[in-house]
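Fold and geometry: a report
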Amino acid sequence: GAVVSQHPSRVICKSGTSVKIECRSLDFQATTMFWYRQFPKQSLMLMATSNEGSKATYEQGVEKDKFLINHASLTLSTLTVTSAHPEDSSFYICSVLQGASYGYTFGSGTRLTVV
Amino acid sequence: KQEVTQIPAALSVPEGENLVLNCSFTDSAIYNLQWFRQDPGKGLTSLLLIQSSQREQTSGRLNASLDKSSGRSTLYIAASQPGDSATYLCAAYSGGGADGLTFGKGTHLIIQP
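Residues numbered from 1 in each chain as written. Chains lettered and ligands numbered in written order. Predicted model: local features only at pLDDT ≥ 70, side-chain atom pairs only at ≥ 80, totals over all residues. Heavy atoms only, no water.

Quick look at the sheet that holds strand β7 (residues 62–67) of chain B now. Each strand in a sheet pairs with its neighbour through backbone hydrogen bonds, running either in the same direction (parallel) or in the opposite one (antiparallel). Residue and element names in this part refer to chain B. Taking strand neighbours across the sheet as the criterion, the 5 strands line up as β1-β3-β8-β7-β6 in an open arrangement whose pairing is antiparallel. Where the open sheet ends on each side, the last strands, each with one partner, are β1 (4–7) and β6 (56–59). Between one strand axis and the next, the sheet turns by 15 degrees as a mean value, whatever way the strands run. Pairing of strand β3 (residues 19–25) with strand β8 (residues 72–77), which is carried by 6 bridges, proceeds in the antiparallel orientation. Among the inter-strand pairings, Ser24 is bridged to a residue of β8, identified as Arg72. (Pairing = 2+ DSSP bridges. Helix = DSSP H or I, 4+ residues; strand = E, 2+ residues; numbered from the N terminus. Axes fitted to C-alpha atoms, helices over the stretch in contact; angles between N-to-C directions.)

Here you go:
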């Protein structure tokens, strides 16, 4: 399957600042990447679908102005949490789908803590 | 809407035992079912992927089965080891991108040394 790299693995930021998380598909040209959020002891919640060269598709209830997604190349998608607040503290994970035959590959996740 | 349920939610067994994790899904119209492992604070590692036309997949001590008609999948772990301790998630894929991927809540597994 694909190899997905996500950075940073951990970030602590002050309330009101913005944080950028990168997701790279190292060996697969991904026209689409997916961003998830995971709360403690909960399963993954899909936030948005990142589309290369076009606007992201956000799930219901996800604020697109707060969670800015940029997918400028076939190997890189970024998620920027703008004006972060403590309630944005969570675990964020990206993934790519290399076709139904190979399934989904996930990044290593980013633990965001807003203080 | 697809719903995926994993039983049990948590399991603790002594090292060396064989064990079975269960996953059920409500809509049998799936393309595949994928089992993942998640260690604390880490991302998801894909363990096994079973296509809808397959009945099982094996990788080392892991064996996953799929019965589409009954909406069930099992993950069998043989000769469990402390390093197997993690949360195991199953996810059913019904097509249409990531919004077609439905996760269970996971089984938190602890293997006692």
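Residue and element names in this part refer to chain A. An order of β1-β3-β8-β7 is seen for the 4 strands of this open sheet, with the pairing classed as antiparallel. Both edges of this open sheet fall to β1 (4–7) and β7 (67–73), since each of them pairs with a single strand only. Going from strand to strand, the sheet's axes swing by 15 degrees on average, the running direction of each strand aside. Alignment of β1 against strand β3 (residues 19–25), held across 4 bridges, turns out to be antiparallel. From the neighbouring strand, Val4 faces β3, where its bridge partner is Ser25.

Right, let's talk about the interface of chain B and chain A for a bit. Chain B puts 20 residues into the contact, and the matching count from chain A is 19 residues. Summing both sides of the interface, chain B and chain A together bury roughly 1500 Å²; the carbon and sulfur share of this comes to 59%. Of all residues in chain B, the largest losses of buried area upon contact with chain A belong to Leu44, Ala98 and Phe103 of chain B, amounting jointly to 29% of the total for that side. Viewed at the interface, chain A and chain B are joined by 0 salt bridges. Counting across the chain B and chain A interface gives 5 residue pairs in polar contact (both at pLDDT 80 or more). Elements supplying a minimum of two residues to the side of chain B that touches chain A: β4 (32–38), β5 (44–51), β9 (86–93) and β10 (101–103) of chain B. Residue composition of the side of chain B that touches chain A, grouped by class: 8 nonpolar, 9 polar and 3 charged. (Contact = heavy atoms within 4.5 Å. Buried area = accessible area lost by both parts, 1.4 Å probe. Salt bridge = Lys/Arg side-chain N within 4 Å of Asp/Glu carboxyl O. Polar contact = N/O pair within 3.5 Å; in protein donor to acceptor, adjacent residues only side chain to side chain. Nonpolar A, V, L, I, M, F, W, Y, C, P; charged D, E, K, R; others polar.)

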